[in-house]
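The residues making up each chain are set out below.
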Amino acid sequence: MYATVADMIARYGETQIIRLSRPEDRTAETVDETKVNTALSDAGDIIDGYIRGRYHVPVAVPPESIIRATCILARYDLAQGEHTNPGDEMTAARKDTISWLENIARELVNLDIPAAEPAGPTVNSGPRMSDRDRFMSLDTLRGF
């Protein structure tokens, strides 16, 4: 997981995370950490799917941009429920995050983390040919 419940609370406030994690209980005073952790884990899986081709996943020390993206995706996920729907601001933030992840996958955006080894053949790994010295050349064919 790239983000924690504490990251979600720091970014969006405890009241909003309580309401998103317990939408059926308007008197709740604590965050449903299990539900938030599930959303964070799902968001991390989505991020890994986009960056897997370019970077080693899971990212050992995620940059702040990955933590932010995880929180945005998890918040959107938490807002989807039987009695709740994500607002326009959440929908726009998720759309921007997915677009950013697609740009990472297309190699238009680079993260400051170690890159994965290329999956294809490496440079200079193709077939090699060697042969003996040429016995026919322009010099040896003169006069024919």
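Notes on the structure follow. Quick caveat, the model's predicted, so the values are computed rather than measured.

1. Brief notes about the overall build of the chain
So, point 1. Within the chain, the secondary structure is distributed over 5 helices and 0 strands.
So, point 2. Moving toward the C terminus, one meets the helices and strands of the chain in the order α-α-α-α-α.
So, point 3. By residue count, 31% of the 144 residues in the chain fall in the buried class.
So, point 4. Counting only contacts in the chain whose residues sit at least 6 apart along the sequence, the fraction spanning at least 24 positions is 68%.
So, point 5. Here the chain has roughly 10200 Å² of accessible surface; of this, 49% comes from carbon and sulfur atoms.

2. Let's talk about the nonpolar core
In summary, soluble globular proteins display a tendency toward joint burial of nonpolar side chains.
So, point 1. Within the largest apolar cluster, 35 residues are counted, with the highest numbers of intra-cluster contacts made by M8, V36, I47, I51, L101 and L111.
So, point 2. Those elements giving two or more residues to this core turn out to be α1 (5–12), α2 (14–21), α3 (33–51), α4 (64–79) and α5 (88–105).
So, point 3. A per-element tally of this core places α4 first, with 10 residues.
So, point 4. Contacts of L111, omitting those with residues within four sequence positions, involve I51, Y55, S65, I66, W100 and I104.

3. Here we look at the side chain of T97
So, point 1. Along the chain, the position of T97 falls in helix α5.
So, point 2. Residues contacting T97, with those up to four places away along its chain left out, are A69, I72 and L73.

4. Regarding α5
So, point 1. Taking 1.5 Å per residue as the helical rise, α5 with its 18 residues ought to reach 26 Å, and the 26 Å between its terminal C-alpha atoms agrees with that figure.
So, point 2. Residues of α5 that are buried: M90, A93, T97, I98, L101 and I104. Looking straight down α5, one finds that the buried residues subtend no more than 135° of arc, so they occupy a single side. In α5, those exposed residues whose orientation departs by more than 90 degrees from the buried face are D88, K95 and D96.
So, point 3. Looking at the buried side of α5, the elements it contacts are α2, α3 and α4.

5. Considering α1
So, point 1. Inspection of α1 places V5, M8 and Y12 among the buried residues, and these make up the whole buried set. Buried positions in α1, seen along its axis, are confined to an arc of 60° and lie on one side of it. Residues of α1 that are exposed and angled more than 90 degrees away from the buried face: A6 and A10.
So, point 2. Taken together, the buried residues of α1 touch α2, α3 and α4.
So, point 3. Following α1 by one or two positions, G13 has its phi on the positive side, about 90°.

6. Some words on the pattern of salt bridges
So, point 1. This model, assessed by the stated rule, comprises 3 salt bridges.
So, point 2. The closest approach of N and O atoms between R75 and E89, which form a salt bridge, is 2.9 Å. Separated by 14 residues along the polypeptide, R75 in helix α4 and E89 in helix α5 bring together distant segments of the chain.
So, point 3. For E89, a relative accessible area of 51% puts it in the exposed group.

Thresholds applied
- Residues numbered from 1 in each chain as written.
- Predicted model: local features only at pLDDT ≥ 70, side-chain atom pairs only at ≥ 80, totals over all residues.
- Heavy atoms only, no water.
- Helix = DSSP H or I, 4+ residues; strand = E, 2+ residues; numbered from the N terminus.
- Buried < 20%, exposed > 50% of the residue type's maximum accessible area, 1.4 Å probe, protein only.
- Contact = heavy atoms within 4.5 Å.
- Areas by Shrake-Rupley, 256 points an atom, 1.4 Å probe, with all protein chains shown as cover.
- Core = buried A, V, L, I, M, F, W, Y, C linked by side-chain atoms within 4.5 Å.
- Expected span 1.5 Å × (residues − 1).
- Arc of directions from axis to C-beta.
- Salt bridge = Lys/Arg side-chain N within 4 Å of Asp/Glu carboxyl O.

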